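Observations on the model geometry
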Amino acid sequence: AKRELLHLRTRQRKTRAKPTSVNSCVVYLGTRVAPYPARWQGGNYPHPYRHEGCTAVLFFGHPHSMMARALGERGVGLLGRLAAGRAGVGVLGRVPVSVQQWRAASVAANVSPADHTLDLVRTKERDGFLCTLLLGPQRRSVFAVRGFNIELASILDSVSEPAIARIRFKFWREIIGDIAKGTRPAHPVASELFDAHHENHKLSKLFLRRLIDARESQLDQAAFVDLPDLEQYAEHTASTMLYLILECLNIKNMNSDHAASHLGKAIGIANCLRGVPYFASRQQVQLPKKLVEEFKLSPRDVVHGKMTDELRDLSHSLASAAVVHMNTAEHYWKLSGQSALPFLPALGLRRYLDHLQAANFDVFEPKLHNDNLLPVALTMRALRGSSPFV
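What counts and what doesn't
Residues numbered from 1 in each chain as written. Predicted model: local features only at pLDDT ≥ 70, side-chain atom pairs only at ≥ 80, totals over all residues. Heavy atoms only, no water. Helix = DSSP H or I, 4+ residues; strand = E, 2+ residues; numbered from the N terminus. Contact = heavy atoms within 4.5 Å. Areas by Shrake-Rupley, 256 points an atom, 1.4 Å probe, with all protein chains shown as cover. Buried < 20%, exposed > 50% of the residue type's maximum accessible area, 1.4 Å probe, protein only. Lys, Arg positive; Asp, Glu negative; His and termini not counted. Salt bridge = Lys/Arg side-chain N within 4 Å of Asp/Glu carboxyl O. Polar contact = N/O pair within 3.5 Å; in protein donor to acceptor, adjacent residues only side chain to side chain. pLDDT = per-residue confidence, 0-100. Patch = residues over 30% accessible without salt bridge, like charges linked within 9 Å, V, L, I, M, F, W, Y side chains within 5 Å. Core = buried A, V, L, I, M, F, W, Y, C linked by side-chain atoms within 4.5 Å. Axes fitted to C-alpha atoms, helices over the stretch in contact; angles between N-to-C directions. Parallel < 35°, antiparallel > 145°, perpendicular 65-115°, else oblique. Left-handed = near helix turned anticlockwise from the far one by under 90°. Nonpolar A, V, L, I, M, F, W, Y, C, P; charged D, E, K, R; others polar. Phe/Tyr/Trp six-rings, centres within 6.5 Å; stacked < 30°, edge-to-face > 60°. Lys NZ or Arg CZ within 6 Å of the ring centre and 35° of its normal.

For the chain, the count of helices and strands is 17 helices and 3 strands. Intrachain contacts of the chain at a sequence separation of at least 6 include 67% that bridge at least 24 residues. Put simply, the chain shows about 20400 Å² of open surface, and 53% of that area lies on carbon and sulfur atoms.

This paragraph deals with the side chain of Asp-229. The residue Asp-229 is located in helix H10 (residues 227-248) in this model. As a buried residue without a salt bridge, Asp-229 has its nearest oppositely charged side chain in Lys-289, at a separation of 8.2 Å. A distance of 3.0 Å separates a polar side-chain atom of Asp-229 from the backbone nitrogen of Val-225.

For the chain, the mean per-residue pLDDT works out to 79, and 72% of the residues sit at or above 70. Mean pLDDT across the elements of the chain ranges from a minimum in strand S1 (residues 33-35), with 33, to a maximum in helix H11 (residues 254-274), with 97. Within the model, the stretch residues 16-74 combines pLDDT values under 50 with 128 contacts to residues more than four positions away or in other chains. pLDDT under 50 marks residues 76-109. Its contacts with residues more than four places away, or in other chains, come to 59 contacts.

When charged atoms on two side chains of opposite charge get close, those side chains can pair. Summed over the entire model, instances satisfying the criterion amount to 14 salt bridges. Taking the shortest distance from any N to any O, the salt bridge between Arg-282 and Asp-157 comes out at 3.5 Å. In this pair, Arg-282 is assigned in the loop between helix H12 (276-281) and helix H13 (289-294) and Asp-157 in helix H6 (residues 139-158), connecting sequence segments 125 residues apart. One salt bridge connects Arg-166 with Asp-220, and the closest N-O pair in it is separated by 2.6 Å.

Time to look at a nonpolar patch on the surface. On the surface, a cluster of nonpolar side chains totalling about 420 Å² of accessible area is made up of Leu-373, Val-376, Met-380 and Leu-383. Given a relative accessible area of 36%, Met-380 falls into the partly exposed group.

With that settled, consider the nonpolar core. Counting 88 residues, the largest nonpolar core has Phe-148, Trp-172, Leu-193, Leu-263 and Leu-287 as its most contacted members. With 10 residues, H10 is the largest single contributor of residues to this core. Ignoring any residue separated from it by four or fewer positions in sequence, one finds Leu-193 in contact with Ala-144, Val-145, Phe-148, Ile-176, Ile-179, Leu-203 and Leu-208.

This part covers the packing of helix H16 (residues 345-358) against helix H17 (residues 374-384). Contact geometry for H16 and H17: axes closest at 10 Å, N-to-C directions at 135°. Classified by the angle between their axes, H16 and H17 sit oblique to one another. For the pair H16 and H17, the crossing hand works out as right-handed. Between H16 and H17, the residues in contact are Leu-347, Gly-348 and Arg-351 and Leu-374, Ala-377, Leu-378 and Arg-381, respectively. In terms of residue class, the contact of H16 with H17 is built from 4 nonpolar, 1 polar and 2 charged.

What follows deals with the packing of aromatic side chains. Scanning the model with the defined rule gives 8 aromatic pairs in all. Taken together, a centroid distance of 5.3 Å and an interplanar angle of 40° make the contact between Phe-207 and Tyr-243 tilted. Within this pair, whereas Phe-207 is found in helix H9 (residues 205-217), its partner Tyr-243 is found in helix H10, the two being separated by 36 residues in sequence. Just as Phe-207 is buried, Tyr-243 falls in that class too. The rings of Phe-148, Phe-171 and Trp-172 are connected pair by pair, giving a single aromatic cluster. One Lys or Arg, Arg-274, reaches over the ring of Tyr-352 and ends 4.5 Å from the middle of that ring.

Running from N to C, H6 and helix H7 (residues 162-181) cross one another at 165°; their axes reach a closest spacing of 9 Å. Judged by the inter-axis angle, H6 sits roughly antiparallel to H7. Read as a crossing pair, H6 and H7 show a hand that is right-handed. For the pair formed by H6 and H7, the contact residues are Phe-148, Glu-151, Leu-152, Ile-155, Leu-156 and Ser-158 on the first element and Ala-165, Arg-168, Phe-169, Trp-172 and Ile-176 on the second. Considering only residue class, the contact of H6 with H7 consists of 8 nonpolar, 1 polar and 2 charged.

Here the focus is the environment of Ala-196. Following the sequence through the fold, Ala-196 ends up in helix H8 (residues 188-200). Residue class for Ala-196 comes out buried when judged on its relative accessible area of 1%.

It is worth spelling out the side chain of Thr-117 at this point. Residue position: Thr-117 is located in helix H4 (residues 113-124). With relative accessibility at 1%, the residue Thr-117 sits in the buried group. A distance of 2.8 Å separates a polar atom in the side chain of Thr-117 from the backbone oxygen of Pro-113. With near-sequence residues (within four places) excluded, Thr-117 lies in contact with Phe-143, Ala-144, Gly-147, Pro-188, Val-189 and Glu-192.

Here Asn-250, not a glycine, exhibits a phi torsion of approximately 60°, which is positive. Given the relative accessible area of 51%, Asn-250 is considered exposed. A positive phi angle, near 60°, is found at Phe-361, a position not held by glycine. If you trace the backbone, Phe-361 turns up in the loop between H16 and H17.

In structure tokens form, the structure reads like this:
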């Protein structure tokens, strides 16, 4: 009977399905890593490690998986020191699962706030990253402003519960209050924003809070009501961020402010078009409701990624409105007599609108999101100092 039972267990062990991918990682505070015997627990097959004095558990798909070997004990130690370096934080959190992200997490303890903010902008906002690289010594402050805007925008995408999102927005309001009082926050992006405010420029607290309020207002609004509603939201987000960038560059000019206002509205309208495929993948339609009704557009077709004549006409209407704001922004920019560098985002916007027109206003065209020549175009325009609006 014992031999039969042993044979049965051996067969079960051989035929047991073993996961091959990493699930997540949870790291508790600790100092030094020591291997802890691997144990099978439940269906996730965690591979635990323990820190002397406390516990650290790394949840791998399999104790002998590639991820477990790639991270190693040194990576675990760095993750533990990263968690210990954050005051009041007992859990580092759930780490994404790719090899690159694991390696990035293993060396995150050595990343400065400036490098963290730069990487955040480069990953999440490619066009803004390229435009900021061409600025002068103030580029670090501009990266802080763009990183702050990305942190706010990511709340709407990463949090499904409005109550949790409001807590995170409240956290950033408190951060702005601490910066105004002269207290350096522990958050890397907030730390860079602190430097931008105190060491280099006095950023307007009104603009910073306006960004927070505008992002939070989207929690109670499923979609924009009409085009003026979309333009108002763009004024409170994209235009406000341009106002902060002008403050970083020490540009105080009424015509420049007017140019930034209209350019921000054009960027907001274009972002509404750019976001159609993304929101369609999430079963959402963020186009203005009155325009959807006016053009008799079926939300079902948009969600299914179907390009119809109604959607094409609506895209043409929004693109035309963006062009009008672009032309107005160019007019005020010429009156201001300022450099073209603060308004370089207009070039990427113009290229997107031109490509959209070439694609017959098909917002689902994949080539619209892959402008490989944009870095060259931005560099040439910055060197020549010519208008970024054409």
